[in-house]
Structure formats: C-alpha cells, structure tokens
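The primary structure of each chain is shown beneath.
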Amino acid sequence: MKRRTVLDEEGGAHRTCIALRVARPLDEMIRFVLGPQREVVPDLRRKLPGRGVWVTATASAVRQAMRGKGFARGLDRSGAGIVVPAALAEDIEDLLERDALQWLAIANKAGAVVAGAAKVEAAIAAGTVCALVHAAEASAQGVHKLDQALRRRFGEDAAAIGKVDVFSGEQLDLALGRS
C-alpha cells in the first residue's frame, strides 16, 4: 500500500491521525512504530525504522488510539501479538518533557539562554527574546512583571512570544547547569 502525503498551501506535509481520522501537519503529530518485541514505541524524532502510524500529539488522542484498533491496523495488518503499553500516554509526556529539557540545556551551552530577572528584562528590551520560560512555582508577581515588559516592548506581538511554565525550578536548574 502506498502512503499518500497530503500537502497544505505552503507545501507542508500532513498525515492522518489513526485515532481522530483527521489530516494534520507533522509538527502536530507523534509517529509510532512497532518495536522488536512487537510493542508500540513512540518515535519522537521520526528516525526509527519500519512502518509508522501517526497520532495527534495530545494525551486524549493517544488514549483514543490505544482503545481502538488503530495501532494494530496500521502497524501490522494481522494485529496479532501487538503490545500497547498501558502507560503509553504518560510515557510520551515524560519523554517529551525530558527532550525539551535536553534542548534547553543545549541552547544554554550555546549561549542562547538568559537567566535571571535583570538579564531577562534586558533581553526583552533588546527584542532578542523568542520564548520565556518560568518555573512552575514562579511567583505570580514576577511572571506578571515579565509579561508587562513583553507587552511594552512588543505590543500586540507579545502574544507570539512562547511561554513555558511546566518545569519546576529544580528541573530548570539542572538543565541550565546550576546547583
């Protein structure tokens, strides 16, 4: 069976989600392959060999794919002996979190991360900020202060600056090489 690639107006590839039956851009999808022990394995980097199936990158879509026969149908026509781990959605969340922290550590080593309130405010004023990462337990007052600085510098375009607040201070310290 040939795989059809659906392209959008900009030429971006789309795949059909096995759970929702909707074509989405690849950036909104997670690829899954069949592992050596016939278990369903998430392929976050899209580099594992073998036939893959695509699921929308939400925990609810992954759970829906787990409940249905989508993995069995898409990965092996017979569906015999395919193992779908019970905690697959949670495992993906952990993998994505770890992956994001690793990328943050790499960006930090490349000198692309600024930490500390004064340095962050200076980067905002210079217009060199592409994302703002707050610790999950950061004070509301500190978050509000940086949001105001973003609005002052970027106006309506401040909403386009990514904001992340899912990592604990401890996780961020480890990723940034601080004790």
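Before any of the text, the structure's been laid out above.
This is a predicted model, so every value here is computed, not measured.

(A) Representation of the overall build of the protein chain in the model. A tally of regular secondary structure across the protein chain gives six helices and eight strands. From first element to last, N terminus to C terminus, the protein chain shows the α and β order β-β-β-β-β-β-α-α-α-α-β-α-β-α. Against the globule reference of 16 Å for 179 residues, the protein chain gives a C-alpha radius of gyration of 20 Å, more extended than a compact globule. For the protein chain, the C-alpha atoms occupy an extent of roughly 60 × 40 × 30 Å along the three principal directions. The buried share among the 179 residues of the protein chain stands at 30%. A separation threshold of at least 6 residues defines the contact pool for the protein chain, and within that pool the share at least 24 residues apart is 53%. Looking at the protein chain as shown, the accessible area adds up to about 11,500 Å², and 54% of this sits on carbon and sulfur atoms. In the protein chain, the 26 positive side-chain charges and the 22 negative ones have mean positions that sit 7 Å from each other.

(B) Quick look at the environment of Leu96. Along the chain, Leu96 falls in helix 3 (residues 88-109). The exposure class assigned to Leu96 is partly exposed, which follows from its relative accessible area of 41%. Spatially, the C-alpha atoms of Leu96 and Gly81 are 27 Å apart, while their sequence positions differ by 15 residues.

(C) Fine view of the pattern of salt bridges. Under the criterion given, the structure shown has seven salt bridges. Across the pair Glu28 and Arg24 runs a salt bridge, and its minimum N-O distance is 3.8 Å. Looking at Glu28, the relative accessible area reads 38%, which means it is partly exposed. Owing to a relative accessible area of 24%, Arg24 belongs among the partly exposed residues under this scheme. The salt bridge involving Asp173 is made with Arg178; its shortest N-O contact spans 3.0 Å. Asp173 gets classed as partly exposed once you look at its relative accessible area, which sits at 23%.

(D) Broad picture of the packing of aromatic side chains. By the definition in use, this model includes one aromatic pair. Here Phe32 and Phe71 contribute two aromatic rings whose centre-to-centre distance is 5.1 Å and whose plane-to-plane angle is 70 degrees, an arrangement assigned as edge-to-face. Pair noted here: Phe32 is in strand 4 (residues 29-34) and Phe71 is in helix 2 (residues 70-75), with a separation of 39 residues, a long-range link. Here the guanidinium or amino end of Arg153 rests over the ring plane of Phe154, the centre of that ring lying 5.2 Å away.

(E) Representation of the sheet that holds strand 5 (residues 40-43) in the model. Strand order in this open sheet of three strands is 5-4-6, and the pairing throughout is antiparallel. If you trace the sheet from one side to the other, it starts and ends with strand 5 and strand 6 (52-56), each paired once. Within this sheet the neighbouring strands show an average axis-to-axis angle of 35 degrees, counted without direction. Bridging between strand 4 and strand 5 involves four bridges; their strand directions are antiparallel.

(F) Just the layout of surface pockets, in detail. Roughly 990 Å³ of volume is contained in the largest pocket. For the largest pocket, the lining is made up of 34 residues, of which Val113, Val114, Val120, Leu132 and Val133 are closest to its centre. Within the residue set of the lining of the largest pocket, elements represented by two or more residues are helix 3, helix 4 (117-126), strand 7 (131-133), helix 5 (140-154) and helix 6 (169-175). In the lining of the largest pocket, the residues fall into 24 nonpolar, six polar and four charged.

Reading guide: rules and limits
- Positions within a chain are numbered from 1, following the residues in the order the chain's sequence is written.
- Selection of residues for local features in this predicted model requires a pLDDT of at least 70, selection of side-chain atom pairs for listing and counting requires 80 or more, and totals for whole chains, interfaces and linings are taken over all residues.
- Only hydrogens and water are removed before side-chain values are computed, so all heavy atoms of the structure are retained for them.
- Only DSSP runs of H or I with at least four residues qualify as helices, and only runs of E with at least two residues qualify as strands; both kinds are numbered from the N terminus onward.
- Using C-alpha atoms as the atom set, the radius of gyration is obtained and then compared with a globule rule of 2.2 Å times the number of residues to the power 0.38.
- Accessibility here uses a 1.4 Å probe with only protein chains present; expressed as a share of the type maximum, an area under 20% marks a residue as buried, one over 50% as exposed, and anything in between as partly exposed.
- Note on contacts: a residue pair is in contact if any heavy atoms of the two residues lie within 4.5 Å.
- Reported accessibility uses the Shrake-Rupley method at a 1.4 Å probe radius. Residues are deemed covered only where the shown protein chains occlude them.
- Charged residues are defined here as Lys and Arg on the positive side and Asp and Glu on the negative side; His and the ends of the chain fall outside this count.
- Taken as the charge centre is NZ of Lys, CZ of Arg, CG of Asp or CD of Glu, depending on the residue.
- Salt bridge, as used here: a side-chain nitrogen of Lys or Arg that lies within 4 Å of a carboxyl oxygen of Asp or Glu.
- A pair of aromatic rings is counted whenever rings of Phe, Tyr or Trp (Trp by its six-membered ring) have centres within 6.5 Å, and the orientation is called stacked for planes under 30 degrees apart, edge-to-face for over 60 and tilted otherwise.
- Either the NZ atom of lysine or the CZ atom of arginine qualifies as a charge over a ring when it sits within 6 Å of the ring centre and within 35 degrees of the ring normal.
- Here, any two strands with at least 2 DSSP bridges between them count as paired.
- Fitted lines through C-alpha atoms serve as axes, helices being fitted only where they are in contact, and the angles separating the N-to-C directions of these axes extend from 0 to 180 degrees.
- Buried and open spaces are told apart on a 1 Å grid over the protein atoms alone, a cavity being a set of points where a 1.4 Å probe fits but cannot get out and a pocket being an open set with protein on both sides within 12 Å along at least five of seven lines. Residues with an atom within 4 Å of a point are the lining residues.
- Grid points are joined across faces, edges and corners, and a volume is the space filled by probe spheres set on the points.
- Gly counts as polar in this scheme, as do all residues outside two lists: the nonpolar Ala, Val, Leu, Ile, Met, Phe, Trp, Tyr, Cys and Pro, and the charged Asp, Glu, Lys and Arg.

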